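# Structural characterization, general
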Amino acid sequence: MRVVVGISGGIAAYKAALAIRELVQAGHDVHVVPTASALRFIGRPTLEALSRNPVTDEVFDDVAAVRHVALGQSADLIVVLPATANTLAKLATGLADDLLGTTVLASRAPLVLAPAMHTEMWEQPAVQANVRTLVERGATIVGPVAGALTGGDTGLGRMAEPTDVVAAALAAAGAAQQPGALAGRTVVVSAGGTREPIDPVRFLGNRSSGAMGAELAAAARAAGASVTLVGANLHVPAPEGVELVEVETTEQLRTAMLERADADVVVMAAAVADYRVEGASDEKRTKEAWGERPTLTLALNPDILAELARAPRRSLLVGFGAETEPDDDALVQRGRDKLARKGADLLVLNRVGHDEGFGRVDTRVRVLDADGVVADASGTKASVARVIIDTVAQRLAAASEEHQ
Ligand code: CTP
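Here the structure is a predicted model, which means the values were calculated and not measured.

Around the ligand there are 15 residues in total, and Met268, Leu305, Phe320, Lys338 and Lys342 lie nearest to it. Interatomic distance of 3.0 Å between a backbone N/O atom of Ile304 and a nitrogen atom of the ligand. A distance of 2.7 Å separates an oxygen atom of the ligand from a polar backbone atom of Leu305. Surface burial for the ligand is 76%, taken as the share of its 570 Å² of free accessible area covered by protein chains. Judged by the proximity of its atoms to the pocket grid, the ligand belongs to the largest pocket. The set of elements that each furnish at least two residues to the shell around the ligand consists of helix H12 (304-309), strand S16 (316-323) and helix H13 (328-342). Examining the composition of the shell around the ligand, we find that four residues originate from one element, S16, more than from any other.

There is a patch of nonpolar side chains on the surface, built from Leu204, Tyr275, Leu296, Leu298 and Leu300 and spanning about 450 Å² of accessible area. Structurally, Leu296 can be placed in the loop between helix H11 (287-290) and strand S15 (298-300).

In this section: the packing of helix H9 (residues 211-222) against helix H14 (residues 381-403). Relative to each other, H9 and H14 sit at 55 degrees, their axes nearing to 8 Å. For the element pair H9 / H14, the angle class is oblique. The hand of the H9/H14 crossing is right-handed. For the pair H9 and H14, the contacting residues are Ala211, Met212, Glu215, Leu216, Ala219 and Ala220 in the first and Lys381, Ala382, Val384, Ala385, Arg386, Ile388 and Ile389 in the second. Grouping the amino acids of the contact of H9 with H14 by side-chain chemistry returns 10 nonpolar, no polar and three charged.

A few words now on the layout of surface pockets. Of the volumes computed, that of the largest pocket is approximately 830 Å³. Taken together, 36 residues line the largest pocket, and the ones lying closest to its centre are Ala270, Ala271, Val272, Phe320 and Ala322. Residue composition of the lining of the largest pocket, grouped by class: 18 nonpolar, 12 polar and six charged.

About the thresholds
- Residues numbered from 1 in each chain as written.
- Predicted model: local features only at pLDDT ≥ 70, side-chain atom pairs only at ≥ 80, totals over all residues.
- Heavy atoms only, no water.
- Near = heavy atom within 4 Å.
- Polar contact = N/O pair within 3.5 Å; in protein donor to acceptor, adjacent residues only side chain to side chain.
- Areas by Shrake-Rupley, 256 points an atom, 1.4 Å probe, with all protein chains shown as cover.
- 1 Å grid on protein atoms, 1.4 Å probe; cavity = no way out; pocket = protein on both sides within 12 Å on 5 of 7 lines; lining within 4 Å.
- Sits in = over half its atoms within 2 Å of the grid points.
- Helix = DSSP H or I, 4+ residues; strand = E, 2+ residues; numbered from the N terminus.
- Patch = residues over 30% accessible without salt bridge, like charges linked within 9 Å, V, L, I, M, F, W, Y side chains within 5 Å.
- Salt bridge = Lys/Arg side-chain N within 4 Å of Asp/Glu carboxyl O.
- Axes fitted to C-alpha atoms, helices over the stretch in contact; angles between N-to-C directions.
- Parallel < 35°, antiparallel > 145°, perpendicular 65-115°, else oblique.
- Left-handed = near helix turned anticlockwise from the far one by under 90°.
- Contact = heavy atoms within 4.5 Å.
- Nonpolar A, V, L, I, M, F, W, Y, C, P; charged D, E, K, R; others polar.
- Points joined across faces, edges and corners; volume = space filled by probe spheres on them.

Below you can see the structure in the form of structure tokens.
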């Protein structure tokens, strides 16, 4: 596959070398397009030696070959790492004042961007608006993640690990993902929305389609895990190679999950009905029986995630938090409170309502642990699911190392 690796001018530019080497070793034909400022962070000879192809940032070199068009048209994949705030802005507005900008515009290949910048820059509404625009146009954003930043501070803004960027980029281009990050592991994912019967033909339910859970199951399977999808009224098919257990009510979901609580990873992506109908009838209730102003009495359902957190053999437990909170800081705080309340290890936080969440193709999530945000991912549900599964795999690997 022909891969264009764009590099923009941030300190993480040196890490692009690792991604180039990994792509070349995997047999890809790699063409590097640095911006002029990227070349102040990493030398052209390094890029040429690793990619085994000539490197230029100049639109006016080799004009006869119409280099930007040739590169753009022939690329099967474009991955930009790091993507600085400036490069994100240029790509979002379609600026074409250098070879990278023109190459991206001349291409129809999947575009994968790995942002890297300081937390304050990443959180700027202007940067976030550019990211949203790019995601809406189909780009995949990998990271940033939390960690040490240049200048001694820490926070969200560090570029995702080059190997994770490469895995996400290859997956975006439909090529095989790095196999084996979850090889030998068992993963159980709940998905969909539970229904609580009112009578045999009516129920209380929610709008969850199960698409996110199904993508998580697919990503875990692609990473080599043996996966069970506990699906509550799914609107989407179960991915290939994944065992499907179908349930309808919260009680059935609870039983299915508790029976499998000894898996290595348990993900509660299902939208669980918080309440069930007390005294649901076994026969279809007529209007006469309902009367003119019927009332339903609801009873609180058990919290499955919290129960799983108390199970004897602790899996790596991942919860979801769907929130409508518009303010970012308050959203993350609510997520941290929910994580602590439920006792999960990781919480995937997403904003729902208005034009976000349920049923939308593009989504943005933040993954939290007890210390705060550990990954930020936006894009299609499939690409976001891969970032979540990568985070899970890294946690498991770190935990195994600790035990050795
Ligand atoms: N969950 C669960 N059992 C329930 C309700 C929710 O296991 N009875 C799980 C969901 O699958 C999700 C997480 O808990 O992983 C958070 O769900 P959410 O509805 O956001 O949280 P609630 O506990 O319902 O909190 P609140 O209604 O206060 O936001």
